[in-house]
Protein chains: 2
Amino acid sequence: MATSENNLSPHEPWKAFHVREQRSLDIKWDAVLQTAARLFLELGYRKTSMSLLAARLNITKPALYYYFRNKEEILVECYRAGIDSIEGALKDASSCEGNGLEKVRSYVHSYATAIVTYDFGRCVATLDDSELSDQARRQVRNLKRRIDAAIRGYIDEGIQDGSVAPCNAKMASFAMAGAINWIGTWYRPGGGLGPEEIVSEFTRLLISGLQPGPKAPRRTRPNQADNRSRTRRARK
Amino acid sequence: MATSENNLSPHEPWKAFHVREQRSLDIKWDAVLQTAARLFLELGYRKTSMSLLAARLNITKPALYYYFRNKEEILVECYRAGIDSIEGALKDASSCEGNGLEKVRSYVHSYATAIVTYDFGRCVATLDDSELSDQARRQVRNLKRRIDAAIRGYIDEGIQDGSVAPCNAKMASFAMAGAINWIGTWYRPGGGLGPEEIVSEFTRLLISGLQPGPKAPRRTRPNQADNRSRTRRARK
């Protein structure tokens with residue numbers, strides 16, 4: 001997609017004119033998308049109008065409509081760019097040669113990094129997809145489901161190889177996704193907590209809840225007696 | 001607030017007429033609020049119109065406007081009822097006589113219960129407060145901040161008394177709030193996962209990440225070497 005094509009060198013005279021033309025169009029298209037993502041995160045999707053976006057970009061509304069037919073198309077592309085970055089986190093995890101827990105750790109680390117460093121990642125995490133048309137929403141939810149299935153697979157792999165304590169992989173993946181996505185609702189770039197600090201602390205906290213050992217008993221329904229015995233351990 | 005007044009016995013002849021009248025008004029007010037919350041969760045706030053709400057309640061639009069001046073007022077009241085239920089979780093935690101970790105566990109358990117059993121709880125967790133007017137949003141955010149401060153206080157108490165491993169209490173409380181609030185985005189009453197199963201598994205997972213012990217090393221920046229040593233432990 002266009003956002004990944006900005007890596008081209010600024011001077012490529014051997015490129016045919018139509019390719020350079022295309023790239024220049026892509027750069028402008030990216031600028032529109034990035035400014036829109038920032039506005040969606042600042043003001044919410046509804047309060048970001050095409051007029052406001054054009055004004056922020058310092059272009060006319062007809063110029064804006066040259067790149068995108070409407071605001072929903074921009075939102076879908078923001079989701080797509082965000083999901084691309086989260087799928088990058090999945091690739092990091094699947095190329096990790098360790099056990100299931102190491103794959104989950106790699107995924108959590110890369111996913112949290114995508115959320116704190118990338119506006120599009122925060123768009124996926126925090127914007128309400130009920131604003132989309134039925135067709136666009138189905139598309140976005142399919143992409144999200146693919147991500148959910150992959151992380152659940154790593155947890156299952158960890159349960160099989162013994163690196164993850166037996167748990168409900170579906171709920172564990174929801175808990176991790178929730179904790180990480182929620183970062184998008186409170187994190188402000190340049191605020192009190194730095195991106196590296198957040199990523200490292202979240203990775204530690206979330207992975208700690210999955211590891212086997214005396215602290216993570218096999219799946220039993222917690223009851224008063226169980227709570228008391230855990231507390232005694234904690235007091236030691 | 002009105003939602004708590006439904007606990008009155010249905011026969012209280014000693015109540016003055018105006019009190020019975022008020023209670024009947026409250027019961028209808030509650031019915032409007034509960035139906036609205038369900039619709040907001042099903043369709044999203046924007047797609048729930050006053051006409052649709054009146055139709056679902058089988059009343060006229062003027063009858064609906066007798067109870068609420070507009071849709072935003074209904075949303076604010078849904079938030080208020082949800083925050084009341086989450087504050088109930090805080091009361092459970094503060095009346096818990098155990099150490100800091102036990103208070104956090106009590107809070108997580110009651111909070112997750114409020115989210116899976118109570119539509120208003122899910123409204124607080126999932127509806128976008130940027131839909132609100134500035135004044136209403138300030139009100140809602142103040143209420144949310146009060147909740148955040150309390151849970152952070154329990155974590156700090158646990159760090160002080162040794163029941164919680166040293167961690168950044170602010171991030172730990174955000175991670176827990178995120179994991180629990182996210183339940184509201186995927187949980188469907190009557191779906192594959194039951195409320196008790198969800199509450200028990202989430203409590204176990206989230207508390208496990210806070211407990212001290214060899215699995216939760218003191219705050220260090222995770223690096224490759226650290227990852228490898230944790231993996232060796234996990235394999236044992």
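As a reminder, the structure under discussion sits directly above these lines.
All values reported here derive from a predicted model rather than from experimental measurement. (Residues numbered from 1 in each chain as written. Chains lettered and ligands numbered in written order. Predicted model: local features only at pLDDT ≥ 70, side-chain atom pairs only at ≥ 80, totals over all residues. Heavy atoms only, no water.)

All names here are of chain B. Tracing the chain through its elements places serine 85 in helix 4 (residues 71-94). A polar atom in the side chain of serine 85 sits 2.7 Å from the backbone oxygen of glycine 82. Here serine 85 is in contact with Ala114, Tyr118 and Gly121, once residues within four sequence places are set aside. (Helix = DSSP H or I, 4+ residues; strand = E, 2+ residues; numbered from the N terminus. Polar contact = N/O pair within 3.5 Å; in protein donor to acceptor, adjacent residues only side chain to side chain. Contact = heavy atoms within 4.5 Å.)

Applying the stated criterion across every chain, the model contains 18 salt bridges over all chains. In this structure, aspartate 119 of chain A engages arginine 38 of chain A in a salt bridge whose closest nitrogen and oxygen atoms are separated by 2.7 Å. Here the residue aspartate 119 of chain A occupies a position in helix 6 (residues 119-126), and arginine 38 of chain A occupies one in helix 1 (residues 17-43), the gap between them amounting to 81 residues. Salt-bridge contacts for glutamate 73 of chain B lead to arginine 69 of chain B; the nearest nitrogen and oxygen are separated by 2.6 Å. Judged by its relative accessible area of 65%, arginine 69 of chain B falls in the exposed class. Through salt bridges that share partners, Arg38, Asp119 and Arg122 of chain A make up one connected network. (Salt bridge = Lys/Arg side-chain N within 4 Å of Asp/Glu carboxyl O. Buried < 20%, exposed > 50% of the residue type's maximum accessible area, 1.4 Å probe, protein only.)

What follows is about the environment of alanine 112 of chain B. All names here are of chain B. Tracing the chain through its elements places alanine 112 in helix 5 (residues 100-117). A relative accessible area of 0% means that alanine 112 is categorised as buried. Sequence separation between alanine 112 and leucine 90 is 22 residues; the distance between their C-alpha atoms is 12 Å. The contact partners of alanine 112, leaving out residues within four places of it in the chain, are Ile180 and Val199.

Turning to the side chain of serine 163 of chain B, a few remarks are in order. Looking at the secondary structure, you find serine 163 of chain B in the loop between helix 7 (134-161) and helix 8 (169-186). Within the structure, serine 163 of chain B has its side chain in polar contact with the backbone nitrogen of leucine 101 of chain B (distance 3.1 Å).

All right, on to the packing of aromatic side chains then. Tallied over the full model, the rule gives 14 aromatic pairs over all chains. Ring geometry for tyrosine 66 of chain A against tyrosine 67 of chain A: centres 5.2 Å apart, planes inclined by 85°, an arrangement best described as edge-to-face. Judged by its relative accessible area of 16%, tyrosine 67 of chain A falls in the buried class. Look at tyrosine 107 of chain A and tyrosine 111 of chain A: their rings are 5.3 Å apart centre to centre, the planes differ by 50°, and that puts the pair in the tilted class. One end of the pair, tyrosine 107 of chain A, and the other, tyrosine 111 of chain A, are both in helix 5 (residues 100-117), 4 residues apart, so they sit about a helical turn from each other. The class of tyrosine 107 of chain A is buried, set by a relative accessible area of 4%. The class of tyrosine 111 of chain A is buried, set by a relative accessible area of 5%. A network of ring pairs unites the aromatic residues Phe174 of chain A together with Trp186 and Phe202 of chain B as a single cluster. The cationic tip of lysine 71 of chain A hangs over the ring face of tyrosine 45 of chain A; the distance from NZ or CZ to the ring centre is 4.3 Å. (Phe/Tyr/Trp six-rings, centres within 6.5 Å; stacked < 30°, edge-to-face > 60°. Lys NZ or Arg CZ within 6 Å of the ring centre and 35° of its normal.)

Keep in mind these numbers describe shape, not what the thing actually does.
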